[in-house]
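Descriptive analysis of the structure
One letter stands for each residue in the lines below.
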Amino acid sequence: MAKHVLLCPPAYFDVVDQKNPYMSEKASIDREKAQRQWQALRSALEQAGCQVETIAPAPGLEDMVFAANQVFVGFHEGLGKFVVPSRMVHASRQREVPFYVDWYRQRGFKIIEVDLGPDHLEGHGDLLWHPDWSRIYAGYGFRSTRAGVEKFRDAMSKLEIPVVPLHLVDPYCYHLDTCFCPLNHEAVLVYPGAYAPESLATLRGFWKRVHELTAEEAHKFMGNGIVANGRYLTPYVTPHLEAILRKEALAPVIVDTSEFEKSGGSLSCMKAFLP
Ligand code: ARG
């Protein structure tokens, strides 16, 4: 069955502030180029056999193209498909959330509201499923807060889904999806320097093979790829990453995301897989 994936066209994409260390006041976005790069991502996903769905972009929401962050998307035997709305750190990003929640609600997803209070939770920026849906890895420290992740863990425990908190320490890896990419049920790609030592040790226990990216690779978003149908979509590749992918029987497909990198995001940030 084709994997369904949600994207948001970059019609209003821009860099207007500095939400992470990649963003600069002086950055200027070439919106036509961004549109071409987004279209190339869409085609690469379709060529990998994915069915692409889109949400309408809203004016004034400059980061809405990053479709990974507004909700956490899940599936549970008893409950069916559900989402947990995020509480984003930045006000302009928080305004994206209701658009996404409505999109999912209209498609039959249950909405699980977690009472986050003053805490933050940033969807699939920080919350990533093990590929067999057996547990959720949860990054915190820059965007999602430790207590936010714990409140999420309490909510998931009612569904008997374990959540593994991971403490992030590298500001260039401010979301878990910049330093953690499951390749299959047994292998994960990580950048070890992004984690507090205990968290790295915890993470290792859940995988047969842990492949390590260098800082240079991670900071160029090579750990922010998308796995689809035997391919690894990535903005760049090195001989080192190619060797890792070969071991896991994945073929690299380069998709240029230079405009989006100015905003601190790349391929994985721009999509949400739907169950
Ligand atoms: N400019 C966006 C922000 O800082 C980038 C989001 C990247 N998304 C991600 N899943 N890592 O919020």
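Anything mentioned here points back to the structure above.
Attention here is on the structure that accompanies the text. Bear in mind the structure is a predicted one, so any value in this text is a computation, not a measurement. Per chain, residues are indexed from 1 in the order of the written sequence. In keeping with the predicted nature of the model, local features appear solely for residues at pLDDT of at least 70, side-chain atom pairs appear and are counted solely at 80 or more, and the whole-chain, interface and lining totals rest on all residues. Note: side-chain values were computed over all heavy atoms of the structure, leaving out hydrogens and water.

To qualify as a helix, a DSSP run of H or I must reach at least 4 residues; to qualify as a strand, a run of E must reach at least 2; elements of each kind are numbered from the N terminus. Along the polypeptide, Asp 170 turns up in the loop between β8 (163-167) and β9 (180-182). Exposure categories follow from relative accessible area, calculated using a 1.4 Å probe and restricted to protein chains: below 20% of the type maximum is buried, above 50% is exposed, and the middle band is partly exposed. Positive: Lys, Arg. Negative: Asp, Glu. His and the chain ends are not part of the count. Salt-bridge detection follows one rule: a side-chain nitrogen of Lys or Arg within 4 Å of a carboxyl oxygen of Asp or Glu. Buried within the structure, Asp 170 lacks any salt-bridge partner; its nearest side chain of opposite charge belongs to Arg 143, at an N-O separation of 13 Å. Contact criterion: two residues are considered in contact whenever any of their non-hydrogen atoms come within 4.5 Å of each other. Apart from residues no more than four positions distant in its own chain, Asp 170 is found in contact with Phe 142, Tyr 191, Gly 193, Ala 194 and His 219.

Here we take up the sheet that holds strand β14 (residues 251-254). When DSSP finds two or more bridges between two strands, those strands count as paired. Across the sheet, which stays open at both edges, the 3 strands sit in the order β12-β13-β14 with mixed pairing between neighbours. Edge positions in the open sheet fall to β12 (226-228) and β14, since each of these has one partner strand only. The mean inter-strand angle of the sheet, taken between neighbouring strand axes irrespective of direction, is 30 degrees. One ladder, built from 4 bridges, connects strand β13 (residues 231-234) with β14; its direction is parallel. What sits directly across from Leu 233, in β14, is Val 253. Here helix α1 (residues 31-47) sits on the sheet and contacts β12 and β13; the angle it forms with β13, its principal contact strand, is near 175 degrees. Every axis corresponds to a line fitted to the C-alpha atoms, with the helix fit spanning only the stretch in contact, and the corresponding angles, defined between N-to-C directions, vary from 0 to 180 degrees.

Alternating positions in strand β10 (residues 187-190) separate into two faces, Ala 187 and Leu 189 on one and Val 188 and Val 190 on the other, with burial throughout. Of the strand pairs in this sheet, β9 and β10 are connected by 3 bridges, and their pairing is antiparallel. Residue pairing across strands places Pro 182 opposite Val 188, the latter belonging to β10. If you look at the hairpin formed by β9 and β10, you'll find 4 residues sitting between the two strands. The pairing of β10 with strand β11 (residues 209-212) spans 4 bridges and is parallel. Note that in β11 the partner of Leu 189 across the bridge is His 211. Think of it like this: strands point away, you trace from the first strand over the helix to the second, and a clockwise trace means the crossover is right-handed. Chirality of the crossover, the property in question, places the unit of β10, helix α5 (residues 197-204) and β11 among those that are right-handed.

Moving on to the environment of Glu 46. On the secondary structure map, Glu 46 appears in helix α1. Sequence-wise, Glu 46 and His 4 are 42 residues apart; in three dimensions their C-alpha atoms are separated by 9.8 Å.

For this text, the term disulfide refers to a pair of cysteine sulfurs within 2.5 Å. In the structure shown here, the tally under the stated rule is 0 disulfides. For the unlinked cysteine Cys 8, the closest cysteine sulfur is that of Cys 269, found at 14 Å. With relative accessibility at 0%, the residue Cys 8 sits in the buried group.

This part is about the side chain of Glu 248. Relative to the helices and strands, Glu 248 is located in the loop between α7 (239-247) and β14. Of the residues examined, Glu 248 reaches a relative accessible area of 8% and is grouped as buried. Side-chain polar atoms of Glu 248 contact the side chain of Arg 209, separated by 2.7 Å. Setting aside residues up to four positions removed in sequence, Glu 248 forms contacts with Leu 183, Asn 184, Ala 187, Arg 209 and His 211. Here a polar contact is taken to be a pair of N or O atoms separated by no more than 3.5 Å, where protein atoms must pair a possible hydrogen donor with a possible acceptor and residues adjacent in sequence count only if both atoms sit in side chains.

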